[in-house]
Amino acid sequence: MNSMITEYFYARKSSAIIKDEEKLSLEYVPEKLIGREEEYRRLAVAFRRVLRSKGRVCSRVLITGDIGYGKTTLAKRFGMDLEKVGKETGIKIEFIHVEAFHKAPTGVLTNILRRIISNFPERGFSYMEMLMLLEEKAKEENEHLLICIDDADYIRNVERHDILYDLVRMPERGKKLAKISLIIVMRSDISLITIPTIRDYIIDKIELRKYTEQEIFSILKNRVMEAFYPGTVSDEIIEMITNEVANTGNIRRAINLLIKAADEAEIRGSQKIEPEHVRYAIVESTSEYILDEKRLSELSLSEKMTLLAIVECLERKKKAYITMGEAEGRYQVLCEQMGVKPVRHTAFWNYVNQLKKYGLISTRKSGAGIRGQTTLISINLGVIENLKDYLYREVY
């Protein structure tokens, strides 16, 4: 094998930044769920009947929420925990998580059966044959099946079989109980509106709200502590990513940005993640931050100089945010270099506010760690290097 390929392929093994790659996986399920404590308790209440009845009573819960709201993580964490509690109390519960995204009903059933029947073939059985086989196993086996159908609203219903209806009704068919409980995970329950029978059998519907900024920060902080070496990811970096995803509450995107920023840091040979690595990750993950030269060309010279001062200051200090005083100080240096008389503080403050209105920068009030009250400034235009090059051509 080429030695250079080998070096790059195994680079993460000797990473100075990441200590546990698995903890950055989107499939990783943390022990502690932040911001989903109430929803976890509701699941526990809905499924306690399974434990109290020694597995002879079934439960069904629907979890809904937008992308990145933690639906899958909540369902997996609870299912794994219920399986463990069942074992501790002498009740055999098997948790089966099935990803149904763009699968046909036969594909979903095949995945379930492959978990409970050794060497079950991927082909050769019809939908009804597999459904009957699952029902027989659920009645015969001395265990309770907890099946999570994830992304259930994306099941390809090309075969005209309604698998959710069949699974929901399965426990009541026949004289002997088919011990199957369900967690159905969807972005929206709109597809169930036309099937009132399914809704009637749902014990509880848990709709996940958007994560708050504090919850996003805490989740990222915990993930950083688990996955990164100490001192490689500062709170400032975590706050920067938090601010980027706060509007959507998409924790999946937040973790992806953290991964991309870590990759960029390693590519550049850095020993820690810097603000510029996060900005690069943002640019790479969305077209929203492509440099808009038309919008920048419409700025006045004073506004361009103010923006350049902010950009240079952020680059020099390697920070996600700078203070108003730091930006103004750099602006005065630029004016001196160009032989231009600097504007007074009030006018500079107005330029900063104008840039904020244009959506080019963001500002917020300072908090703990900074003496006195001041305005903190960051940019919304992605990679500083590209922006700086453009402004240099415009200003000088």
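As the structure is a computational prediction, the values presented were derived from the model and not from experiment. (Residues numbered from 1 in each chain as written. Predicted model: local features only at pLDDT ≥ 70, side-chain atom pairs only at ≥ 80, totals over all residues. Heavy atoms only, no water.)

**Re the packing of aromatic side chains**
On inspection of all chains with the given rule, the structure shows five aromatic pairs. Ring centres of Phe-47 and Phe-78 lie 5.4 Å apart, and the angle between their planes is 45 degrees; this geometry places the pair in the tilted category. Highlighted residues: Phe-47 in helix α2 (residues 37–52) and Phe-78 in helix α3 (residues 71–88), separated in sequence by 31 residues. Taking relative accessible area as the criterion, Phe-47 reaches 1% and is therefore assigned buried. A residue is classified by how much of its surface remains accessible, and Phe-78, at 3% relative accessible area, is buried. Three or more aromatic residues joined by ring pairs make a cluster, and in this case those are Tyr-40, Phe-47 and Phe-78. The positively charged end of Arg-268 is found above the aromatic ring belonging to Tyr-280, 5.8 Å away from the centroid. (Phe/Tyr/Trp six-rings, centres within 6.5 Å; stacked < 30°, edge-to-face > 60°. Helix = DSSP H or I, 4+ residues; strand = E, 2+ residues; numbered from the N terminus. Buried < 20%, exposed > 50% of the residue type's maximum accessible area, 1.4 Å probe, protein only. Lys NZ or Arg CZ within 6 Å of the ring centre and 35° of its normal.)

**Some words on the environment of Leu-109**
Topologically, Leu-109 is positioned in helix α4 (residues 105–116). On the basis of relative accessible area, Leu-109 is assigned to the buried category, the value being 0%. Separated by 54 residues in sequence, Leu-109 and Ile-163 have C-alpha atoms that sit 8.4 Å apart.

**Points about the environment of Ala-347**
Structurally, the position occupied by Ala-347 is in helix α15 (residues 345–357). Residue classification places Ala-347 among the partly exposed residues on the basis of a relative accessible area of 27%. Expressed as a C-alpha distance, the spacing of Ala-347 and Ser-302, which sit 45 residues apart in the sequence, is 9.9 Å.

**Points about the sheet that holds strand β4 (residues 180–186)**
With respect to topology, five strands assemble into an open sheet ordered β2-β3-β4-β1-β5, the strand pairing being parallel. At either end of the open sheet lies a strand with only one pairing partner, and these are β2 (93–99) and β5 (204–207). Neighbouring strand axes in the sheet, compared pairwise and without regard to direction, differ in orientation by 15 degrees on average. As judged from the seven bridges shared by β2 and strand β3 (residues 144–150), these two strands associate in the parallel manner. Of the residues in β3, the one forming a bridge with Glu-99 is Asp-150. (Pairing = 2+ DSSP bridges. Axes fitted to C-alpha atoms, helices over the stretch in contact; angles between N-to-C directions.)

**A word on the nonpolar core**
By size, the foremost hydrophobic cluster in this structure holds 34 residues, and its most contacted members are Leu-220, Phe-228, Val-233, Ile-241, Leu-258, Ile-273 and Val-278. Counting only elements with at least two residues in this core, the list comes to α8 (213–227), α9 (235–245), α10 (251–267) and α11 (275–285). Broken down by element, the residue count for this core peaks at nine residues, all from α10. Apart from the residues within four sequence positions on either side, Phe-228 is in contact with Ile-17, Ile-18, Lys-19, Leu-24, Arg-223, Val-233, Leu-258, Ala-262 and Ile-273. Among the nonpolar cores identified, the runner-up in size contains 33 residues, and Met-130, Ala-138, Leu-167 and Ala-178 belong to it. (Core = buried A, V, L, I, M, F, W, Y, C linked by side-chain atoms within 4.5 Å. Contact = heavy atoms within 4.5 Å.)

**Description of the pairing of β4**
Counting buried positions along β4 gives seven out of seven residues, so the element sits mostly inside the fold. Burial along β4 is two-sided: Ile-180, Leu-182, Ile-184 and Met-186 facing one way and Ser-181, Ile-183 and Val-185 facing the other are all buried. Pairing geometry for strand β1 (residues 60–64) and β4, over five bridges, is parallel. Bridge pairing in β4 places Leu-62 opposite Ile-184. As defined by bridge partners, β3 adjoins β4 across five bridges and the pair is classed as parallel. Residue Leu-146 lies in a different strand from β4, and its bridge partner there is Ser-181.

**Re the sheet that holds strand β8 (residues 375–379)**
Spatial ordering of the open sheet is given by β6-β8-β7, a layout of three strands whose pairing is antiparallel. One side of each edge strand has no neighbouring strand; the edge strands of this open sheet are β6 (322–323) and β7 (361–365). On top of the sheet, α15 reaches β7 and β8; it is set at about 120 degrees to β7, its chief contact.

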